[in-house]
Amino acid sequence: MTTTSSQPNEPAGELLLRTMPMPADTSFNGDIFGGWIMSQMDIAGSILAKEVTRTRTATVAVESMQFIKPVKVGDVVCCYGRVLRIGTTSVTIMLEVWVRPILHSSADRFTTFKVTEAAFTYVSLDEQGNKQPITSTSRHP
Ligand SMILES: CC(C)(COP(=O)(O)OP(=O)(O)OC[C@H]1O[C@@H](n2cnc3c(N)ncnc32)[C@H](O)[C@@H]1OP(=O)(O)O)[C@@H](O)C(=O)NCCC(=O)NCCS
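The paragraphs below set out a description of the structure included in this document. (Residues numbered from 1 in each chain as written. Predicted model: local features only at pLDDT ≥ 70, side-chain atom pairs only at ≥ 80, totals over all residues. Heavy atoms only, no water.)

## Looking at the overall build of the protein chain
Looking only at helices and strands, one finds one helix and five strands in the protein chain. Tracing the protein chain from N to C terminus, the helices and strands come up as β-α-β-β-β-β. Burial status across the protein chain gives 40% buried among its 141 residues. For the protein chain, long-range pairs separated by at least 24 residues make up 73% of all intrachain contacts whose partners lie at least 6 apart in sequence. (Helix = DSSP H or I, 4+ residues; strand = E, 2+ residues; numbered from the N terminus. Buried < 20%, exposed > 50% of the residue type's maximum accessible area, 1.4 Å probe, protein only. Contact = heavy atoms within 4.5 Å.)

Given below as structure tokens:
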């Protein structure tokens, strides 16, 4: 999935995770490593997936991602998510990452912008780690 160039003003979905990258999360050029952002998205998506399935889950697929803007140390990173699809054993979550650069904004106004988005798919697992049908769904698309 590719992102559109026109930025919506508001994130879609509910706030699942809010965090702040540290210097250890930077790549060689000083910006935050893309893998760190993907990791936060995976954690955020797994929270919503577990709320849907009420079981253990495993990430089975991530659709293609595009990083729109760099993330800096000290930025507030917010992961928003919404259920796109509930299948037989899987749930697909659309995740958006928005950043509030509190150290780089003017004193009277915080800007917020989207840095990436992707659909993450999780599979419901039983105690032995085998896929199982989703039977208990507390949330629906
Ligand atoms: C998750 C796992 C148990 C699924 O087993 P499987 O026999 O391959 O399962 P299936 O091919 O039947 O797929 C299971 C579900 O995932 C979905 N799925 C599988 N591959 C997918 C893909 N590339 N994109 C989207 N959905 C996918 C299937 O559509 C199916 O959903 P449904 O039951 O709702 O229709 C197995 O692939 C696994 O253990 N993977 C490793 C997971 C893991 O360790 N993740 C952490 C990161 S390493």
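Continuing now.
## Let's talk about the pattern of salt bridges
The final tally for this structure, using the stated rule, is two salt bridges. Note that Asp-31 and Lys-72 form a salt bridge whose closest N and O atoms lie 2.8 Å from each other. In this pair, Asp-31 sits in the loop between strand S1 (14-19) and helix H1 (34-53) while Lys-72 sits in the loop between strand S2 (56-62) and strand S3 (76-86), placing the two residues 41 residues apart along the sequence. Here Lys-72 falls in the partly exposed class, since its relative accessible area comes to 34%. As a salt-bridge pair, Glu-117 and Lys-114 come within 3.0 Å of each other at their nearest N and O atoms. Residue Glu-117 is classed as buried on the basis of its relative accessible area, which comes to 10%. (Salt bridge = Lys/Arg side-chain N within 4 Å of Asp/Glu carboxyl O.)

## Points about the state of the cysteines
Disulfide: a covalent bond connecting the sulfur atoms of a pair of cysteines. In this structure the tally under the stated criterion is zero disulfides. Left without a disulfide partner, Cys-78 is nearest to the cysteine sulfur of Cys-79, which lies 7.8 Å away. (Disulfide = S-S within 2.5 Å.)

## Looking at the site of the ligand
For the ligand, the set of nearby residues contains 13 residues, the closest of which are Thr-59, Thr-88, Thr-89, Ser-90 and Lys-131. Between the ligand and Thr-59, the relevant distance is 2.9 Å, taken from a nitrogen atom to a main-chain nitrogen or oxygen of the residue. Separating an oxygen atom of the ligand from a side-chain N or O atom of Ser-90 is a distance of 2.7 Å. Protein contacts shield 43% of the accessible area of the ligand, which totals 970 Å² for the unbound molecule. Among the elements that line the shell around the ligand, the one with the most residues is S2, at four residues. (Near = heavy atom within 4 Å. Polar contact = N/O pair within 3.5 Å; in protein donor to acceptor, adjacent residues only side chain to side chain. Areas by Shrake-Rupley, 256 points an atom, 1.4 Å probe, with all protein chains shown as cover.)

## Examining the nonpolar core
With 25 residues, the main nonpolar core has Met-41, Val-91 and Leu-95 as its most contacted residues. Looking at this core, the elements with two or more residues in it are S1, H1, S3, strand S4 (90-100) and strand S5 (113-125). Per-element accounting of this core gives the leading share, seven residues, to H1. When neighbours within four sequence positions are excluded, Val-91 is seen to be in contact with Ala-49, Val-52, Thr-53, Val-83, Arg-85, Ile-86, Phe-120, Thr-121, Tyr-122 and Ile-134. (Core = buried A, V, L, I, M, F, W, Y, C linked by side-chain atoms within 4.5 Å.)

## Topic: the environment of Phe-33
Along the chain, the position of Phe-33 falls in the loop between S1 and H1. Discounting residues that sit within four places of it in the chain, Phe-33 has contacts with Asp-25, Thr-26 and Ser-27.

## Remarks on the side chain of Thr-116
Summarising the element assignment, Thr-116 is placed in strand S5. Assessed through its relative accessible area of 0%, Thr-116 is described here as buried. A polar side-chain atom of Thr-116 sits 2.9 Å from the main-chain carbonyl oxygen of Gln-66. When sequence neighbours within four positions are dropped, the list of residues in contact with Thr-116 reads Ile-37, Met-41, Met-65, Gln-66, Phe-67, Ile-68, Leu-95, Glu-96 and Val-97.

That's the geometry; what it means functionally is another story.
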